Amino acid sequence: MTRLLAELGHPERTLHGALVGGTNGKGSVVAMARAVLTDAGLRVGTMPKPHLVSYRERIAIDGVPLSAPRFAAAIARVLPVIDRVAGEIGPPTEFEALTAAAYAELARADLDLAIVEVGMGGRLDATNSADLGVAVITNVQHDHEAHLGHTLALIGGEKAPIIKRGDLAVTGASGRGLRPISDRCAALDVPLRRAGPRQPYRAALRHIDWSGTIVDGRTPDGELRGLRLGLIGAHQAPNAAVTLALLDALRDDGERRARPVRVDELTLRRGLAAARWPGRMELLDDPRFGRVLLDGAHNPAGAAALAASLTLLGARRMPIVFGAMRGKNVAGVLRALAPLDPLPIFTSIDDPKAHQPAELLRTWRRIGSGGEAVAEAEAALARAVELRRDDAPVVVAGSLYLVGALRGVLTGEREAG
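Values in this document were obtained by computation on a predicted structure and should not be read as measured data.

Scoring rules and cut-offs
- Residues numbered from 1 in each chain as written.
- Predicted model: local features only at pLDDT ≥ 70, side-chain atom pairs only at ≥ 80, totals over all residues.
- Heavy atoms only, no water.
- Helix = DSSP H or I, 4+ residues; strand = E, 2+ residues; numbered from the N terminus.
- Rg over C-alpha atoms; globule rule 2.2 N^0.38 Å.
- Buried < 20%, exposed > 50% of the residue type's maximum accessible area, 1.4 Å probe, protein only.
- Contact = heavy atoms within 4.5 Å.
- Areas by Shrake-Rupley, 256 points an atom, 1.4 Å probe, with all protein chains shown as cover.
- Lys, Arg positive; Asp, Glu negative; His and termini not counted.
- Charge placed at Lys NZ, Arg CZ, Asp CG, Glu CD.
- Pairing = 2+ DSSP bridges.
- Right-handed = clockwise from strand over helix to strand, strands pointing away.
- Core = buried A, V, L, I, M, F, W, Y, C linked by side-chain atoms within 4.5 Å.
- Axes fitted to C-alpha atoms, helices over the stretch in contact; angles between N-to-C directions.
- Expected span 1.5 Å × (residues − 1).
- Phe/Tyr/Trp six-rings, centres within 6.5 Å; stacked < 30°, edge-to-face > 60°.
- Lys NZ or Arg CZ within 6 Å of the ring centre and 35° of its normal.
- Parallel < 35°, antiparallel > 145°, perpendicular 65-115°, else oblique.
- Left-handed = near helix turned anticlockwise from the far one by under 90°.

Novice: Account for the overall build of the protein chain, with residues named and values stated.
Specialist: For the protein chain, the count of helices and strands is 14 helices and 17 strands. Taken over the C-alpha trace, the protein chain has a radius of gyration of 21 Å; the compact-globule value for 417 residues is 22 Å, and the two agree within 12%. When burial is assessed residue by residue, the protein chain has 57% of its 417 residues classed as buried. Look at the contacts in the protein chain between residues 6 or more apart in sequence, and 70% of them connect residues 24 or more apart. Carbon and sulfur atoms make up 51% of the accessible area of the protein chain, which totals about 17,300 Å². Side chains of the protein chain give 52 positive and 47 negative charges; the mean places of these two sets differ by 4 Å.

Novice: Tell me about the pairing of strand E16 (residues 372-376), and name the residues and values.
Specialist: In the case of a regular strand, side chains alternate between the two sheet surfaces. By the bridge criterion, 3 bridges tie strand E15 (residues 343-348) to E16 in an arrangement that is parallel. Residue pairing across strands places Ile 345 opposite Glu 372, the latter belonging to E16. In the classification by handedness, the crossover that spans E15, the intervening helix H12 (residues 357-365) and the parallel E16 is right-handed.

Novice: How would you summarise the nonpolar core if you had to cite specific residues and measurements?
Specialist: In terms of nonpolar packing, the biggest core is built from 44 residues, with Tyr 103 and Ile 163 touching the most fellow members. Within the residue set of this core, elements represented by two or more residues are helix H1 (2-7), helix H3 (68-89), helix H4 (94-108), strand E5 (113-117), strand E6 (133-137) and helix H7 (179-188). In terms of residues, this core owes the most to one element, H4, which gives 7 residues. Ignoring anything within four residues of it in the chain, the contact list for Tyr 103 reads Leu 5, Pro 11, Glu 12, Leu 15, Leu 19, Met 47, Val 116, Thr 127, Ser 129 and Ala 130. The next biggest cluster of nonpolar side chains, apart from the first, holds 41 residues, and it includes Ala 18, Val 44, Val 134 and Ala 275.

Novice: Outline the sheet that holds strand E12 (residues 282-286), listing residues and values.
Specialist: Read from one edge of the open sheet, 6 strands run E12-E13-E17-E14-E15-E16, paired in mixed fashion. Each having just a single partner strand, E12 and E16 make up the two edges of the open sheet. Taking the axes of each pair of neighbouring strands and ignoring which way they run, one obtains an average angle of 25° across the sheet. Where strand E14 (residues 319-322) lies against strand E17 (residues 394-397), 3 bridges are found, and the strand directions are parallel. Residue pairing for E17: Ile 320 is matched across the bridge by Val 395.

Novice: Residue-level account of the side chain of Arg 193, with values.
Specialist: When you line up the elements, Arg 193 lands in strand E8 (residues 192-194). Assessed through its relative accessible area of 14%, Arg 193 is described here as buried. Here Arg 193 is in contact with Leu 168, Ala 169, Val 170, Thr 171, Tyr 201, Ala 245, Asp 248, Ala 249, Arg 251 and Asp 252, once residues within four sequence places are set aside.

Novice: Quick rundown of the sheet that holds E8? Include the residues and the values.
Specialist: If you walk across this open sheet you meet the 8 strands as E4-E3-E2-E5-E1-E6-E7-E8, and the pairing is mixed. This sheet does not close on itself; its edge strands, each paired only once, are strand E4 (64-65) and E8. Here 5 bridges tie strand E1 (residues 17-21) to E6, and the two strands are oriented parallel to one another. Considered in E6, the bridge of Ala 18 is made with Val 134. Across the face of the sheet, H7 comes into contact with E6, strand E7 (168-171) and E8 while running at roughly 150° to E8.

Novice: Help me get a handle on the environment of Ala 60, residues and values and all.
Specialist: Among the secondary structure elements, Ala 60 is positioned in strand E3 (residues 60-61). Separated by 223 residues in the primary sequence, Ala 60 and Leu 283 place their C-alpha atoms 22 Å from one another.

Novice: Outline helix H8 (residues 236-256), supporting the account with residue identities and numerical values.
Specialist: Taking 1.5 Å of rise per residue, 21 residues should cover 30 Å, and H8 covers 30 Å from first to last C-alpha, within 8% of that figure. Within H8, 16 of the 21 residues are buried, which leaves it mostly tucked inside the rest of the structure. Residue Ala 258 follows H8 closely and has a positive phi angle near 60°.

Novice: Provide a residue-level description of the packing of aromatic side chains, including the pertinent values.
Specialist: Tallying each qualifying case throughout the model produces 2 aromatic pairs. Seen in terms of ring centroids, Phe 322 and Phe 346 are 5.8 Å apart; in terms of plane orientation they differ by 75°. Their pairing is edge-to-face. Of the two residues, Phe 322 sits in strand E14 while Phe 346 sits in strand E15, which places them 24 residues apart along the sequence. Look at Phe 346 and Trp 364: their rings are 6.5 Å apart centre to centre, the planes differ by 50°, and that puts the pair in the tilted class. Of this pair, Phe 346 sits in strand E15 while Trp 364 sits in helix H12; the two residues are 18 residues apart in sequence, bridging distant segments of the chain. Considered together, Phe 346 and Trp 364 belong to a single accessibility category, that of buried residues. One aromatic cluster is present, formed by Phe 322, Phe 346 and Trp 364 through successive ring pairs. In this arrangement the basic side chain of Arg 291 is found over the ring face of Trp 210, its NZ or CZ atom lying 5.4 Å from the centre.

Novice: Can you break down the packing of helix H11 (residues 330-337) against H12 residue by residue, with the values?
Specialist: At their nearest, the axes of H11 and H12 sit 10 Å apart, and the two run at 55° to each other. Judged by the inter-axis angle, H11 sits oblique to H12. Considering how the two elements wind past one another, H11 and H12 form a crossing that is right-handed. Residue-level contacts link Val 330, Ala 331 and Leu 334 of H11 to Leu 360, Thr 363 and Trp 364 of H12.

Novice: Describe unusual backbone geometry, listing the residues and the values that go with them.
Specialist: Omega for the peptide link from Lys 49 to Pro 50 comes to -15°, which places this bond in the cis form. Of note, Arg 198 is a non-glycine position whose phi angle comes to about 65°, a positive value. Counting through the fold element by element, Arg 198 comes out in the loop between E8 and strand E9 (202-209). Owing to a relative accessible area of 76%, Arg 198 belongs among the exposed residues under this scheme.

Pasting the structure below:
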């Protein structure tokens, strides 16, 4: 990444904003912060990941993915650089190439801020080649353990290096995952804003329904009662707390750079209410399939958050279309969903890394009862609709790749590549 960006003239050095890591909630925090900042009149670039339907989603300005011609041009500009670097030190990964293209394109876009989501971990992630001024670690949970380690302390240690000397830092982490983050901040003399229960930044769940979530927030500046979030889910309360801390950090970072970031309370409320994050507790209403809730819950913590939210919404015994990629803790995810007493339909996408439906069904039978295996994802969704017993939505979960494939079916956005 260092060589790629050097060959491109280090576009990342012209960007300011935040690098957002963590196990869960990264995308939600980025989505909420971006919506608020856009409402404040700022031009904001983001790099969502993974994409659901099109690679173009990986580079977005004010929440809108690049057009096909502009995305193609962005990739074309980095191809000669990739060839040169590959000839000298070996080929970059696809993610590294996309990250380099994204940083270069965002640098051309005359942005006020870039809010960049980390891919995996942090220390060795391609996005960590940039220092944007603010570093956020939403939380530390178990995921990608083969790469990041099997303890929260080790996983936190992989995420903490996105914090660099001179940064402002934010975290919603607690317990053993917090220690490496606080240690790094202390070693680098980086101020750390903490979000969560009994912390300076917090948000308590007040109400949840199918249209969104209402929380009571608090910052060092005072209370923010009745904040409506456009995102559904009890887990959005801690994400909102992290977002409040992030916005304050961006304000303070902007002041020291003489690049003001001003967000008044009305703007904050409008932005949070307008926030959307496709594929994450996203409710779609389709003429053919009815209401479908898409959620890329692919690790035990994410699945537990989905189960908690569905319980609060009064949804039980609903059909769940489930798929998973190899390397994931499938048993842990299914155990987290089991208290819902779901009607699971196991399926897969056309990817050699995807678990086969029959494998998933065998795993489920060790945890719960019933369940079916349907080879093709769209047919699995149709079967789930047949099993629906009331007006509760059919749920699609377990893999963002599955969510993306079925979201394309539901929205008609079936774009290749």
